[in-house]
Amino acid sequence: NAKCEKNWALFLHKDELKVVYQWYPLTIYDSINTGKLGKKQEINMPYFFKKVRGSTNGFVYKDELWFICHVIEYGEPRHYYHCFVVLDKDTLQLKTYSYLFKFDLTEKVEFCLGLVVEDERVIVSHSNWDKTSKLKVYDKKLILKEMFV
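A few points on the structure. Remember, it's a predicted structure, so these values are computed and weren't measured experimentally.

## Remarks on the pairing of strand β3 (residues 26-29)
- The two faces of β3 match: Leu26 and Ile28 on one face and Thr27 and Tyr29 on the other face are all buried.
- Alignment of strand β2 (residues 16-23) against β3, held across 4 bridges, turns out to be antiparallel. Bridge assignment links valine 20 to a residue of β3, and that residue is isoleucine 28.
- Linking two consecutive strands that pair antiparallel, namely β2 and β3, is a turn of 2 residues.
- Across 4 bridges, β3 lies against strand β4 (residues 40-43) in antiparallel orientation. Among the inter-strand pairings, threonine 27 is bridged to a residue of β4, identified as glutamate 42.

As structure tokens, then:
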């Protein structure tokens, strides 16, 4: 009975496949390898995350777990806005998240499924209107300047 569509985000945590079921509160299920949702864990998050949905699966970078998520502004057509979300790799507590952004300022519908985090850059794959395949490479220092908590 959710008011928004589900976009679950998979990730590895202590060598076990888990899923972010929703971002507010952060609701994580484990044991999905069995084909069923297993044990549930809930973690408090800022109210901002009430409308946040998963986009990318989690990417482990050192002691962090990175995601790109999105929110939707409803209209004809919808407008998609994205944010980086970083959790602590071990505790799964929120470490930081970014301001909302768009990959292409003139495009309204954008989807993002690919994320790679390196020491000096962040690589993202995304699509506009399900018609394009794009790859963007960002300077990680610039992204980190736009993060807060």
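After that view of the structure, there is still more to cover.
## Focus on the environment of alanine 9
- By the secondary structure assignment, alanine 9 is in strand β1 (residues 9-13).
- Among the residues examined, alanine 9 registers a relative accessible area of 0% and is labelled buried.
- Residues within four places of alanine 9 in sequence aside, it is in contact with Lys18, Val19, Val20, Thr56, Asn57 and Phe67.

## Brief notes about the pattern of salt bridges
- Evaluated as defined, the whole model comprises 8 salt bridges.
- Residue glutamate 110 is joined to lysine 102 by a salt bridge in which the shortest nitrogen-to-oxygen separation is 3.9 Å.
- Look at lysine 102 and you get buried, because its relative accessible area is 15%.
- The residue aspartate 104 makes a salt bridge to lysine 134 at a minimum N-O spacing of 2.9 Å. Taken together, the residues aspartate 104 in the loop between β9 (94-98) and β10 (110-117) and lysine 134 in strand β12 (residues 134-139) connect sequence positions 30 residues apart.
- On the accessibility criterion, aspartate 104 (15% relative accessible area) is buried.
- By relative accessible area, lysine 134 is classed as partly exposed at 30%.
- Through salt bridges with shared partners, a single network forms among Asp63, Glu64 and Lys95.

Parameters at a glance
Residues take numbers from 1 onward in each chain, read along the sequence in its written order. Confidence filtering applies because this is a predicted model: local features only for residues at pLDDT of at least 70, side-chain atom pairs given and counted only at 80 or more, and all residues used for totals across whole chains, interfaces and linings. Excluding hydrogens and water, the side-chain figures rest on all heavy atoms present in the structure. Buried, partly exposed and exposed residues are distinguished by accessible area as a fraction of the type maximum, computed with a 1.4 Å probe on protein chains only: under 20%, between the cut-offs, and over 50%, respectively. In this description a helix means any DSSP run of H or I spanning at least four residues, a strand means any run of E spanning at least two, and both kinds are numbered starting from the N terminus. At least two bridges found by DSSP between two strands are what make those strands a pair. The criterion used for residue contact is that any of the two residues' heavy atoms lie within 4.5 Å. Any Lys or Arg side-chain nitrogen located within 4 Å of an Asp or Glu carboxyl oxygen qualifies as a salt bridge.

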